[in-house]
Structures are given as C-alpha cells and as structure tokens.
Amino acid sequence: QVHLMESGGGLVQSGGSLRLSCAASGSSVSRNDMGWYRQAPGKERELVVNIPSSGIADYSPSVKGRFTISRDNAKNTVYLQMNSLKPEDTAVYYCSMLVVINVEGANFRSWGQGTQVIVSS
C-alpha cells in the first residue's frame with residue numbers, strides 16, 4: 001500500500017517562499033515518477049512539475065525559474081521549493097506518485113491529501 005503525506009503549506013506574502021514536503025511509504029520515490037500538482041478554487045487540477053526516475057525534472061512554464069523539485073532518497077521524500085510566490089500560485093498542492101507494479105509497465109497513480117498554499121498580495 002502506497003501512502004503520501006504533504007506538509008509545509010501556509011500563508012505567505014507575495015514574493016515570499018515556502019518549502020513543501022511529501023513523505024512516501026510503501027514504494028520508492030527514486031524508482032517511480034513523482035510529481036506536484038495544484039488546484040485553485042473553481043479550476044482544474046494542473047501539473048506543476050514532474051520528475052521521473054531518470055532525475056530530469058519537467059516544469060510547468062508558469063513556475064520555471066521559481067520552483068525547484070528535489071528528492072532525498074534516504075528519507076524517501078520529495079520537496080518543492082517555491083520562491084518568488086505570486087497570488088496566482090494560491091492553490092491546494094498535491095503530491096503524486098506513478099507506481100510501477102510489474103515489468104510490463106502496469107501502473108497506478110497515488111495521491112496525497114493536499115496542503116493549502118495562500119499567497120497574499
């Protein structure tokens with residue numbers, strides 16, 4: 001069973017920074033694709049950044065140069081460092097793992113409960 005738990009959200013002023021954490025259990029963050037998504041009120045959930053097992057991150061254009069994803073394999077945890085935050089970054093942020101279950105490539109996506117980020121103007 002895979003379990004993901006986000007933490008680190010909160011209220012911050014425009015231009016400030018936050019660091020989100022995603023602690024995983026039941027599967028490896030180094031051997032599976034990891035991603036951060038966000039969903040603002042009244043909007044669809046969108047991809048913020050994806051990092052595959054190869055380690056090359058793919059960022060949404062809206063966060064490039066401001067957000068950085070990283071992995072601590074020993075702690076089985078991924079992080080999202082968010083700098084130069086803008087009011088439009090306000091959303092619930094979700095951690096996700098694409099869990100590979102066999103050599104044929106079968107998989108399923110696991111989600112955390114989400115953590116709220118509010119950026120004031």
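Look above for the structure.
Residues numbered from 1 in each chain as written. Predicted model: local features only at pLDDT ≥ 70, side-chain atom pairs only at ≥ 80, totals over all residues. Heavy atoms only, no water.

A. The state of the cysteines, seen in detail. For the structure on display, the rule yields 1 disulfide. Two residues, C22 and C95, share a disulfide whose sulfurs are 2.0 Å apart. Taking the torsion about the sulfur-sulfur bond, which here is approximately -75°, the covalent link between C22 and C95 counts as left-handed. One end of the pair, C22, is in strand β3 (residues 18–25); the other, C95, is in strand β9 (residues 91–100), with 73 residues separating them in the sequence. For C22, a relative accessible area of 1% translates into the label buried. Residue C95 is classed as buried on the basis of its relative accessible area, which comes to 0%. (Disulfide = S-S within 2.5 Å. Helix = DSSP H or I, 4+ residues; strand = E, 2+ residues; numbered from the N terminus. Buried < 20%, exposed > 50% of the residue type's maximum accessible area, 1.4 Å probe, protein only.)

B. Highlighting the sheet that holds strand β1 (residues 3–7). Ordered by their spatial adjacency, 4 strands build an open sheet running β1-β3-β8-β7, and the pairing between neighbours is antiparallel. Across the chains shown, the open sheet's two edge strands, defined by having one partner strand only, are β1 and β7 (67–72). Neighbour to neighbour, the strand axes of the sheet diverge by 15° on average, direction disregarded. Summarising the sheet, β7 and strand β8 (residues 77–82) pair through 6 bridges and their orientation is antiparallel. The residue bridging T68 from the neighbouring strand is Q81, located in β8. (Pairing = 2+ DSSP bridges. Axes fitted to C-alpha atoms, helices over the stretch in contact; angles between N-to-C directions.)

C. Looking closely at the nonpolar core. Membership of the largest hydrophobic core comes to 29 residues, with the highest contact counts inside it found for W36, V48, F67, L80, M82, Y93 and M97. Those elements that provide at least two residues to this core are β3, β4 (33–39), β5 (46–51), β7, β8, β9 and β11 (115–120). Here the element with the most residues in this core is β9; it accounts for 5 residues. With near-sequence residues (within four places) excluded, F67 lies in contact with R38, V48, Y59, L80, Q81, M82, N83, L85, D89 and Y93. (Core = buried A, V, L, I, M, F, W, Y, C linked by side-chain atoms within 4.5 Å. Contact = heavy atoms within 4.5 Å.)

D. Region of interest: the pattern of salt bridges. In total, this model carries 3 salt bridges according to the counting rule given. Its salt-bridge partner being R38, residue E46 comes within 2.8 Å of it at the nearest N-O pair. Of the residues examined, R38 reaches a relative accessible area of 7% and is grouped as buried. Here R66 ties to D89 by a salt bridge, and the two come within 2.8 Å at their closest N and O atoms. Residue R66 is found in the loop between β6 (58–59) and β7, and its partner D89 is found in the loop between β8 and β9; the two are separated by 23 residues along the sequence. Neither R66 nor D89 differs from the other in exposure class; each is buried. Overlapping salt bridges, with partners in common, bring together R38, E46, R66 and D89 in one network. (Salt bridge = Lys/Arg side-chain N within 4 Å of Asp/Glu carboxyl O.)

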